[in-house]
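# Results of the structural survey
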Amino acid sequence: MLGNEAIARGAYEAGVKVSAAYPGTPSTEISENIAPYEEIYAEWSPNEKVAMEVAIGASISGVRAMASMKHVGVNVASDPLYTASYCGVNGGLVLAAADDPGLYSSQNEQDTRCVARAAMVPVLEPSDSQEAKDFVKFAFEVSEKYDTPVIVRTTTRLAHSQGAVTMEERAVPQDKEYARNPAKFVMMPGNAIGRHVYVEQRMKTLAEDGCGFDINRAEYRDTSIGFITSGIPYQYVKEACPDASVLKLGMVHPLPKKLIEEFASKVEKLYIFEELEPVIEEQVKSWGIACTGKELFTVQGEYSANMIREKICGEHLGVKAPAKVPARPPILCPGCPHRSVFSVLSRLGIHAAGDIGCYTLGAVAPLNVIDTTVCMGASISTLHGMEKARGKDYIKNWVAVIGDSTFLHTGVNSLMNMVYNQGTGTVIILDNSTTGMTGHQDHAATGKTLKGETVPAISIYQLCQSMGIGHVAEVDAFDTKRLEQLVKEETARDAVSVIITKSPCVLLKGNVFPYKCRPDEAACKKCGMCLKPGCPALTKKADGTIAIDDTMCNGCGLCGQLCKFGAIRRVEA
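Within every chain, residues take consecutive numbers counted from 1 along the sequence as written. Given that the model is predicted, a residue must reach a pLDDT of at least 70 before its local features are reported, and side-chain atom pairs must reach 80 or more before they are shown or counted; all residues, however, enter totals for whole chains, interfaces and linings. Side-chain calculation: all heavy atoms of the structure are included, whereas hydrogens and water are not.

Glancing now at the packing of aromatic side chains. Pairs were defined over the aromatic rings of Phe, Tyr and Trp, the Trp ring being its six-membered one, requiring ring centres within 6.5 Å. Orientation was assigned from the angle between planes: stacked under 30 degrees, edge-to-face over 60, tilted for the rest. Here the structure, examined in full by the defined rule, presents eight aromatic pairs. Consider the rings of Tyr-220 and Phe-263, whose centres lie 5.6 Å apart with planes at 35°: the pair is tilted. Here Tyr-220 is found in the loop between strand 7 (217-219) and strand 8 (222-229), whereas its partner Phe-263 is found in helix 11 (residues 257-266), with 43 residues between them in sequence. For each residue, the accessible area found with a 1.4 Å probe, counting protein chains only, is set against the maximum for its type, and the residue is called buried under 20%, exposed over 50%, and partly exposed in between. Residue classification places Phe-263 among the buried residues on the basis of a relative accessible area of 1%. For helices the rule is a DSSP run of H or I covering at least 4 residues; for strands it is a run of E covering at least 2, with both sets numbered from the N terminus onward.

Structure representation (structure tokens):
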């Protein structure tokens, strides 16, 4: 199983009844693998905060519940998470959080263990697919025994690696009775004071009991060298130094102090091998235990077995220089509607405050339109901040761009703020009918649920109108003439305006492409206008004329619209 698939299986075997999530690589497949289990209610929530709150509500009612998200999603969910730590649980409550060392698909490289320390929530960290399943089940036991939410932390390497997994039957515990208890679940200041005392004692108890947890284990071999490690880095230690002694931590917060002290006393040289922040190392050093960690190992990116071989074993690996291969920068797909929108903005000299999604690629050549990308929903607020700082005239050549899923995630609040505070600016909602970047998950405006049920679809157009925005327009993303006219009109207004560009993602299943674009060499003037949007289906031949790869072309017709000489024809495929 993939690590994410194993986490889903663990939730099933643990008797989870409610699962809520927002898609985000590398966590997305957790929920996609939970959805087929009929015994579990599973949903895509509009954002991670809502997903966490749904899971909290299910837990309070007395059943086991799980929320899943990537590390930056934990930021969005941190408000309910921090307070849920004070409240505790009724039914077990687990948060599956996927970190991304190496920044394969994220805007930062944060460490969820740091959030957990601040929130006072225990963290379990599996090292392979079998443990991913088993640790989820154990997390629910810990949650209910110690009255706490529990984080199961994974990383990209574990989430997307495969390993053998032994499956077991589903065991559903009896639902917990719900009894009204405001002192526990109503976190007004007077109640929170008492719960804070409880949480501090809970963490102390967990640190002591953790010394006896099977998931924390000392593996004694050659005691001249010892490692304290966890998660995927444990695999690298075993590969590079199979004879070394290892303290493998399955619970990385709170740390089992006595177990660590005992292990440290039995090895001559102690190394802390942990990706990202020195969470374990700093605590171990604060206890007066001599160890080596970030003096040798970086706080950036993924670790490897070779890192140990080089830094500790002193091996000169003689790694050959990588073969010279053509550069392959990320690029929008052939026929992507975002390319059409960005080609218009580029031609008009418009700057765009960007957001999180495939369309972030509008920041790079040859489009060069996106100027900012901060986090989900930030494009609209960023544009609003610019206007309030520099005035209405300053943003006449600016727009905010945001995808349909991201708009429903956190863009709605930002647009509401823009209207409420009498802002000025144009927002372009790139509606491609899916959550594209994470692999085509549905959302509230697609009319489909995670379980595949057909439901009423939220109208983004009507939602914007309901905020009192007087200028809301829908346009086909490939109708470049109409789009150009709209952008000129709306950016000239001293008001909030919204343009919704509608065209489905070209990779959506079931899409039929009835056309192909074909070049006419005789008519081609070799001007290169059709190449400006950077469609990978188009190439320039040695004589300067254009070639179009039939296997890549989706017949969107953007190149033909840019050609003033009729040298590109749109024909039936």
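Picking up after the structure, the text goes on.
This part takes up the pairing of strand 1 (residues 18-21). Side chains of strand 1 alternate between two faces, with Val-18 and Ala-20 and Ser-19 and Ala-21 buried alike. As paired elements, strand 1 and strand 2 (residues 41-44) share four bridges and run parallel to each other. By the bridge assignment, Ser-19 is partnered in strand 2 with Ala-42. Handedness is read with the strands pointing away from the viewer; a crossover is right-handed when the path from the first strand over the helix to the second is clockwise. Since strand 1 and strand 2 lie parallel, the crossover through helix 2 (residues 28-34) that links them has a hand, and here it is right-handed. Two strands form a pair only when DSSP identifies at least two bridges running between them. In the sheet, strand 1 pairs with strand 3 (residues 65-70) via four bridges, with the strands oriented parallel. Looking at strand 3, one finds that Val-18 is bridged to Ala-65.

All right, on to helix 14 (residues 337-348) then. Because an α-helix packs 3.6 residues into every turn, residues spaced three or four apart end up facing the same way. One less than the residue count of a helix, multiplied by 1.5 Å, gives the span that helix is expected to have. For helix 14, built from 12 residues, the straight-helix expectation of 16 Å at 1.5 Å per residue is met to within 8% by its first-to-last C-alpha distance of 17 Å. Where burial is concerned, most of helix 14 is hidden: nine out of the 12 residues are buried. Taken together, the buried positions of helix 14 are occupied by Pro-337, His-338, Arg-339, Ser-340, Val-341, Phe-342, Ser-343, Val-344 and Leu-345. At its buried positions, helix 14 is contacted by strand 13 (370-372), strand 14 (398-403), strand 15 (425-431), helix 18 (480-491), strand 17 (496-502) and helix 19 (558-562). After helix 14 finishes, the residue Gly-349 shows a positive phi value of roughly 70°. Contact definition: two residues touch when any of their heavy atoms are within 4.5 Å.

All axes are obtained by fitting lines to C-alpha atoms, using only the stretch in contact for helices, and the reported angles, taken between N-to-C directions, cover 0 to 180 degrees. The geometry of helix 1 (residues 3-13) relative to helix 6 (residues 129-146) is characterised by a closest axis approach of 7 Å and an angle of 30° between their N-to-C directions. As the angle between them shows, helix 1 and helix 6 are arranged roughly parallel. As for the relative orientation of helix 1 and helix 6, their crossing is right-handed in sense. Where helix 1 approaches helix 6, its residues Gly-3, Ala-6, Ile-7, Arg-9, Gly-10, Ala-11 and Glu-13 are matched on the opposing element by Ser-129, Ala-132, Lys-133, Val-136 and Lys-137. Just so you know how the angles are binned, under 35 degrees is roughly parallel, over 145 roughly antiparallel, 65 to 115 roughly perpendicular, and the rest oblique. Left-handed describes a crossing in which the near helix is turned anticlockwise from the far one by less than a right angle; the clockwise case is right-handed.

Below, the discussion takes up unusual backbone geometry. Residue Pro-26 is reached from Thr-25 by a cis peptide bond, and omega for that bond is 15°. Looking at where Pro-26 falls in the secondary structure, it is placed in the loop between strand 1 and helix 2. Here the amide bond leading from Ala-365 into Pro-366 is cis, since omega sits at 5°, within 30 degrees of zero. Along the chain, the position of Pro-366 falls in the loop between strand 12 (351-353) and strand 13. Positioned with a positive phi, Leu-276 is a non-glycine residue whose angle comes to about 65°. You can see Leu-276 is positioned in the loop between strand 11 (269-273) and helix 12 (279-286).

All right, on to the nonpolar core then. Buried together is how nonpolar side chains tend to be arranged in soluble globular proteins. We define a nonpolar core as any set of buried Ala, Val, Leu, Ile, Met, Phe, Trp, Tyr and Cys residues linked to one another through side-chain atoms lying within 4.5 Å. In this structure, Phe-342, Leu-345, Phe-407 and Leu-415 are the most contacted members of the largest nonpolar core, which totals 46 residues. With residues near it in sequence (within four places) discarded, Phe-342 still touches Leu-332, Tyr-359, Gly-362, Leu-367, Val-369, Ile-370, Val-401 and Leu-430. Core analysis: the second largest hydrophobic core is formed by 40 residues, Ala-8, Ala-35, Tyr-146 and Val-165 among them.

Looking now at the sheet that holds strand 17. Sheet architecture is open: six strands sit in the order 13-12-14-15-17-16, paired in parallel fashion. Lying at the two open borders of the sheet, with one neighbouring strand each, are strand 13 and strand 16 (471-476). Pairs of neighbouring strands in the sheet enclose a mean axial angle of 30°, with direction left out of account. The pairing of strand 12 with strand 14 spans three bridges and is classified as parallel. Along strand 14, the bridge assignment pairs His-351 with Trp-398. Packed on one face of the sheet, helix 16 (residues 404-420) meets strand 14, strand 15 and strand 17 and runs near 140° to strand 14. Contacts from helix 18 reach strand 14, strand 15, strand 16 and strand 17, with the element oriented near 165° to strand 17.

With six of its seven residues buried, strand 17 lies for the most part within the structure. Chirality of the crossover, the property in question, places the unit of strand 16, helix 18 and strand 17 among those that are right-handed.

This part takes up the sheet that holds strand 11. Judged by pairing direction, the sheet is mixed, and its four strands sit side by side in the order 7-9-8-11 without closing on themselves. Two strands in the sheet have a free side with no partner beyond their single neighbour: strand 7 and strand 11. For this sheet, the mean inter-axis angle between neighbouring strands, taken without regard to orientation, is 20°. In this structure, strand 8 lies alongside strand 9 (residues 244-248), joined through five bridges in parallel fashion. Of the residues in strand 9, the one forming a bridge with Ile-228 is Leu-247.

The analysis is restricted to geometry; functional conclusions fall outside its scope.
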